[in-house]
Number of protein chains: 2
Amino acid sequence: MAKHEKISEAVVRRLPIYLRYLSYLQQNEVTTVSSQQMGKNLDVNPAQIRKDLATFGDFGKKGIGYDVNYLVEKIRQILKLTEEVRVALVGAGHLGHAISNYNAYLKDNMRIAAIFDNDPGKLGKEVAGIPIQPMDELAKTIPDKQIKLAIITVPASAAQSVCDLLTQAGIKGILNFAPTTIRANKDVRIHYADVTSNLQSLAYYLT
Amino acid sequence: MAKHEKISEAVVRRLPIYLRYLSYLQQNEVTTVSSQQMGKNLDVNPAQIRKDLATFGDFGKKGIGYDVNYLVEKIRQILKLTEEVRVALVGAGHLGHAISNYNAYLKDNMRIAAIFDNDPGKLGKEVAGIPIQPMDELAKTIPDKQIKLAIITVPASAAQSVCDLLTQAGIKGILNFAPTTIRANKDVRIHYADVTSNLQSLAYYLT
DNA sequence: TAGATTGTTAATCGATTAACAATC
DNA sequence: TAGATTGTTAATCGATTAACAATC
């Protein structure tokens, strides 16, 4: 099914966007969609959408478009969302709390399965029903619970050492909210979502 | 100074990363840095760094490198951070609270100057010393306080209408944490930072 | 001077878009 | 059949990297 080219990060970044729109169509009981309609709603070139999808298989029907349910299923397969994906959160501060409580909205088989913090005062407490564990349990809990992704919401000064711990524990992808660059082996993907650099690059476009 | 090419978004996204590392060097009283050193620390090709910077002027000295203080000043000018940049936050839920409290860390002349929420129960309350205002004051407060950027932390279902209000009020850039695509005029930049799509694209790389 | 490093050109690489035959 | 729309090739566009003369 999938062709053996290497897939660009840009394509992978667009798949969740497509999935989100398709889920919306499902909720509205729309059964078929064209690349044109998707493109119009998502501000993406229709040819790009067709090309992105064709990378993984022939999902559409000429003259008709894409079956919404089928395409949702296929994209979920591609994104490995067919089995539950467990996520660790490191840093139970304000931001960590907010993201954990948001857990309910992490649809599509994603779940925060463990929370870690180095503040002894927080140990034993729970966030969104998940106990806060000390950092030194991280190395054991992550493989035990088969956690593969992690969210970093610690201060910038601690981010690299947390990244190192996570990598050693077998984490394969990190979403970093700390305002600092972190480095890991090539086989660990790192995405950045920090407020500061996002806002700073927006500021460039002022006036 | 600045050349009249159009600057790619990729370059603009890297400038805050450079700035962050340079600030770190400043704190450590390092006065000079080479593109090689920067590249090594930030995982960016040195030629890319030189090219990015050369887009805006001749900031370096051949054989020597870049003066850290001078380069910081120049990048801050390019990013329009020489005057205070005011930011509105819409949605005073958990995530909004977390980001507002983080305000102290929004260095480099950025400040959350107003917070809006449509929950009557929250009105009059404060977050990080900033009063929560009702949505219908948005159209007046934003131009009054010369707010140019906004952060959206409302539920996905409300994000587009909030985006419309912000755009009408004159906002020029939006950082969207809601898990949905939003659309605005071409002159309004939108950056996305939602947890769900970030995690989903990370999941692609599992095993 | 010799070594280091920039700014810039040229080469490479990759991503996006247009166009269209195939076909539902 | 006629209209619509995919999958894919070719063309375009843009971004990254290598290489090196200029020069501190």
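- The name that an unreviewed UniProt entry assigns to chain A is Redox-sensing transcriptional repressor Rex, with the source organism given as Brevibacillus gelatini.
- Recorded in UniProt for chain A, the comment headed Subcellular location (unreviewed entry) runs: "Cytoplasm".
- Per UniProt, chain A has the following entry under Subunit (unreviewed entry): "Homodimer."

1. Details of the overall build of chain A
(1) Moving on: Regarding its fold elements, chain A presents 8 helices and 10 strands.
(2) Moving on: Within the span of chain A, comprising 207 residues, buried residues form 52% of the whole.
(3) Moving on: Considering only contacts within chain A whose residues lie at least 6 apart along the sequence, 55% involve residues at least 24 apart.
(4) Moving on: Per element, the accessible surface of chain A, about 10,100 Å² overall, is 49% carbon and sulfur.
(5) Moving on: For chain A, the distance from the average site of its 25 positive side-chain charges to the average site of its 20 negative ones is 6 Å.

2. What to know about the relation of the copies chain B and chain A
Note: a rotation about an axis with an accompanying shift along it relates these two copies of the chain.
(1) Moving on: Structural alignment of chain B on chain A gives an RMSD of 0.0 Å, achieved by rotating through 180° and translating 0.0 Å along the axis. Accordingly, the operation relating the two chain copies is best matched by a two-fold axis. Closest approach to the rotation axis among the C-alpha atoms of chain B is made by Ala193(B), whose C-alpha sits 2.7 Å away.
(2) Moving on: The share of interface residues of chain B whose copies in chain A are also at the interface is 100%, consistent with both copies meeting through the same surface.

3. Description of the protein's contact with DNA strand C
(1) Moving on: Near DNA strand C there are 23 residues, and of these Ser8(A), Lys62(A), Ser35(B), Gly60(B) and Tyr66(B) occur at the shortest range.
(2) Moving on: For DNA strand C, the fraction of protein-proximal atoms (within 4 Å) that sit in sugar or phosphate groups is 62%.
(3) Moving on: At a separation of 2.9 Å, a sugar or linking oxygen of DNA strand C approaches a polar backbone atom of Lys62(A).
(4) Moving on: In the environment of DNA strand C, a base oxygen lies 3.0 Å from a nitrogen or oxygen atom belonging to the side chain of Arg50(B).
(5) Moving on: The set of elements that each furnish at least two residues to the surface near DNA strand C consists of α3 (46-54) of chain A together with α3 (46-54), β2 (60-61) and β3 (65-67) of chain B.

4. Structural notes on the nonpolar core
(1) Moving on: Counting residues in hydrophobic clusters, the biggest one holds 98 residues, and the most contacted among them are Tyr18(A) and Leu22(A).
(2) Moving on: In this view, Leu22(A) contacts Val33(A), Met38(A), Val68(A), Leu71(A), Val72(A) and Ile75(A); residues no more than four positions away in its chain are not counted.

5. Here we look at the pattern of salt bridges
(1) Moving on: Counted according to the given criterion, the structure contains 20 salt bridges over all chains.
(2) Moving on: Among the ionic pairs, Asp117(B) bridges to Lys122(B), the shortest N-O distance being 3.5 Å.
(3) Moving on: With relative accessibility at 22%, the residue Lys122(B) sits in the partly exposed group.
(4) Moving on: Bridged by salt links that share partners, the residues Glu9(A), Arg13(A) and Arg189(A) form one connected network.

6. Focus on the packing of helix α1 (residues 9-27) of chain B against helix α2 (residues 35-42) of chain B
Residue and element names in this part refer to chain B.
(1) Moving on: Where α1 meets α2, the axes come as close as 11 Å, and the angle between the chain directions of the two elements is 105°. Taken together, the axes of α1 and α2 are roughly perpendicular relative to one another. Here α1 contributes Ile17, Tyr18, Tyr21, Leu22 and Leu25 to the contact with α2, which in turn contributes Gln37, Met38, Asn41 and Leu42.

7. Observations concerning the sheet that holds strand β7 (residues 130-134) of chain B
Residue and element names in this part refer to chain B.
(1) Moving on: An order of β6-β7-β5-β4-β8-β9-β10 is seen for the 7 strands of this open sheet, with the pairing classed as mixed. Each edge of the sheet is formed by a strand with only one pairing partner; in this case those strands are β6 (126-127) and β10 (189-192).
(2) Moving on: Note: strand β5 (residues 110-117) against β7, 3 bridges, orientation parallel. Within β7, the residue paired with Asp117 across the bridge is Pro134.

8. Some points on the protein's contact with DNA strand D
(1) Moving on: Neighbouring residues of DNA strand D: 23 residues in total, closest Ser35(A), Gly60(A), Tyr66(A), Ser8(B) and Lys62(B).
(2) Moving on: If you look at DNA strand D and keep only atoms within 4 Å of the protein, 62% of those are sugar or phosphate atoms.
(3) Moving on: Lys62(B) places a main-chain nitrogen or oxygen 2.9 Å from a sugar or linking oxygen of DNA strand D.
(4) Moving on: Contributions of two or more residues to the surface near DNA strand D are made by α3, β2 (60-61) and β3 (65-67) of chain A together with α3 of chain B.
(5) Moving on: When grouped by side-chain class, the residues that make up the surface near DNA strand D number 4 nonpolar, 9 polar and 10 charged.

9. Notes on the environment of Glu83(A)
All names here are of chain A.
(1) Moving on: Positionally, Glu83 belongs in the loop between α4 (68-78) and β4 (85-90).
(2) Moving on: On the basis of relative accessible area, Glu83 is assigned to the exposed category, the value being 63%.
(3) Moving on: Sequence separation between Glu83 and Asn198 is 115 residues, and the spatial gap between their C-alpha atoms is 32 Å.

10. Overview of the sheet that holds strand β6 (residues 126-127) of chain A
Residue and element names in this part refer to chain A.
(1) Moving on: Here 7 strands make up an open sheet; going across it, the order is β6-β7-β5-β4-β8-β9-β10 and the pairing mixed. Each end of this open sheet is capped by a strand with a single partner; those strands are β6 and β10 (189-192).
(2) Moving on: Alignment of strand β8 (residues 149-152) against strand β9 (residues 173-176), held across 4 bridges, turns out to be parallel. Pairing of Ile151 across the sheet is with Leu175, part of β9.
(3) Moving on: Strands in contact with helix α7 (residues 156-168) are β4, β8 and β9; relative to β8, the strand with the most contacts, it is inclined by about 165°.

11. A word on helix α4 (residues 68-78) of chain B
All names here are of chain B.
(1) Moving on: If you check which residues of α4 are buried, you get Val68, Leu71, Val72, Lys74, Ile75, Arg76 and Ile78.
(2) Moving on: Against the buried residues of α4 lie α1, β1 (32-33), α3 and β3.
(3) Moving on: Measuring from the side-chain oxygen of the N-cap residue of α4 to the backbone nitrogen of Asn69 gives 3.3 Å; that N-cap residue is Asp67.
(4) Moving on: Where α4 ends, the next residue or the one after it, Lys80, has phi of about 65°, a positive value.

Definitions and cut-offs
- Residues numbered from 1 in each chain as written.
- Chains lettered and ligands numbered in written order.
- Predicted model: local features only at pLDDT ≥ 70, side-chain atom pairs only at ≥ 80, totals over all residues.
- Heavy atoms only, no water.
- UniProt positions renumbered as here; feature names shortened; annotations may be inferred.
- Helix = DSSP H or I, 4+ residues; strand = E, 2+ residues; numbered from the N terminus.
- Buried < 20%, exposed > 50% of the residue type's maximum accessible area, 1.4 Å probe, protein only.
- Contact = heavy atoms within 4.5 Å.
- Areas by Shrake-Rupley, 256 points an atom, 1.4 Å probe, with all protein chains shown as cover.
- Lys, Arg positive; Asp, Glu negative; His and termini not counted.
- Charge placed at Lys NZ, Arg CZ, Asp CG, Glu CD.
- Least-squares fit on C-alpha atoms with pLDDT ≥ 70 in both.
- Near = heavy atom within 4 Å.
- Polar contact = N/O pair within 3.5 Å; in protein donor to acceptor, adjacent residues only side chain to side chain.
- Core = buried A, V, L, I, M, F, W, Y, C linked by side-chain atoms within 4.5 Å.
- Salt bridge = Lys/Arg side-chain N within 4 Å of Asp/Glu carboxyl O.
- Axes fitted to C-alpha atoms, helices over the stretch in contact; angles between N-to-C directions.
- Parallel < 35°, antiparallel > 145°, perpendicular 65-115°, else oblique.
- Pairing = 2+ DSSP bridges.
- Nonpolar A, V, L, I, M, F, W, Y, C, P; charged D, E, K, R; others polar.

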